Amino acid sequence: MNFRKGKGREDPEINLIPFIDVLLVIVIFLMVTTSYSKFTALQITLPTADADKAMTQPQEINVAVNPQGQYAVNNVQVSSKDAASLALDLKSAVAADGQSKADPVVIINADAMATHQTVINVLEAARLAGFDKITFAAQTSGHK
C-alpha cells in the first residue's frame, strides 16, 4: 500500500552547500591557529676564533694501489699481498721517514679499476699498524 500521493519515491539528494560551509570554517580555523614562526627574528652573534695554522704538517704515508693489485708505499713498490705484511711496510715507511710524528695520515691512491679487496687490505693494514687517520685521494673528472 502506498500512502504517498504523487510520484513514487524521491531520489535522495546531497546538499553541497552545508558541506562547503563546514570546509570553509575548518580552513579559517587552521589559518587562524597556525603560528608562523620566523627563524630570522632571532638575532645571534656567532663566536669568532682567530687561530694560527699548524706549523707542522702531519706525516703522510701515500699508498698507491694499481689495477693488478700491487701496492706502492711512498712511491716505493712493495711485494706485500696481504694486510699483515702491508702493515709492516707502513710501519717501516714511518721509521724510514725519520720524523717523530705520533700519528701519520695514510693517503690511499687507488686506481679506479682496482679491486675492492685491495683497498680493504690497505684499510686493514692501517688498522693493524695503529694508524687511524685515513683518507682517499681523488681527482676531478674535468666535466662541468
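Above this note sits the structure.
Residues numbered from 1 in each chain as written. Predicted model: local features only at pLDDT ≥ 70, side-chain atom pairs only at ≥ 80, totals over all residues. Heavy atoms only, no water.

1. Looking at the overall build of the protein chain
Phase 1: When its secondary structure is counted, the protein chain shows three helices and five strands.
Phase 2: Here the protein chain holds 144 residues, and the buried ones make up 21% of them.
Phase 3: The long-range share in the protein chain, meaning contacts at least 24 apart out of those at least 6 apart in sequence, stands at 67%.
Phase 4: Of the roughly 12,300 Å² that the protein chain leaves accessible, carbon and sulfur atoms contribute 59%. (Helix = DSSP H or I, 4+ residues; strand = E, 2+ residues; numbered from the N terminus. Buried < 20%, exposed > 50% of the residue type's maximum accessible area, 1.4 Å probe, protein only. Contact = heavy atoms within 4.5 Å. Areas by Shrake-Rupley, 256 points an atom, 1.4 Å probe, with all protein chains shown as cover.)

2. Re the pairing of strand β5 (residues 133-136)
Phase 1: Inspection of the sheet shows strand β4 (residues 105-110) paired to β5 by four bridges, in the parallel sense. Following the sheet pairing, Val-106 is matched in β5 by Ile-134.
Phase 2: Crossover β4 to β5 through helix α3 (residues 116-129) is right-handed. (Pairing = 2+ DSSP bridges. Right-handed = clockwise from strand over helix to strand, strands pointing away.)

3. Quick look at the packing of helix α2 (residues 83-97) against α3
Phase 1: At their nearest, the axes of α2 and α3 sit 8 Å apart, and the two run at 60° to each other. By the angle between their directions, the pair α2 and α3 is classed as oblique. Every pair of crossing elements has a handedness; the one defined by α2 and α3 is right-handed. Counted together, Ala-83, Ala-84, Leu-86, Ala-87, Leu-90 and Lys-91 of α2 and Asn-121, Val-122, Glu-124, Ala-125, Ala-126, Leu-128 and Ala-129 of α3 form the full contact between these two elements.
Phase 2: Class assignment for the residues of the contact of α2 with α3 results in 10 nonpolar, one polar and two charged. (Axes fitted to C-alpha atoms, helices over the stretch in contact; angles between N-to-C directions. Parallel < 35°, antiparallel > 145°, perpendicular 65-115°, else oblique. Left-handed = near helix turned anticlockwise from the far one by under 90°. Nonpolar A, V, L, I, M, F, W, Y, C, P; charged D, E, K, R; others polar.)

4. Section: the sheet that holds strand β1 (residues 60-65)
In any sheet, the strands associate via hydrogen bonds between backbone groups, in a parallel or an antiparallel arrangement.
Phase 1: Strand order in the open sheet formed by five strands is β3-β2-β1-β4-β5, and the pairing between neighbours is mixed. Edge strands, defined here as strands with exactly one partner in the open sheet, are β3 (76-78) and β5. Taking the axes of each pair of neighbouring strands and ignoring which way they run, one obtains an average angle of 25° across the sheet.
Phase 2: The pairing of strand β2 (residues 71-73) with β3 spans three bridges and is antiparallel. For Val-73, the partnering residue across the bridge sits in β3 and is Val-76.
Phase 3: Of the strands in this sheet, β1, β2 and β3 are in contact with α2, which crosses β2 at around 20°.

5. A closer look at the environment of Val-94
Phase 1: Tracing the chain through its elements places Val-94 in helix α2.
Phase 2: Since its relative accessible area comes to 15%, Val-94 is described here as buried.
Phase 3: Put simply, Val-94 and Gln-59 are 35 residues apart on the chain and 8.1 Å apart in space, counted from C-alpha to C-alpha.

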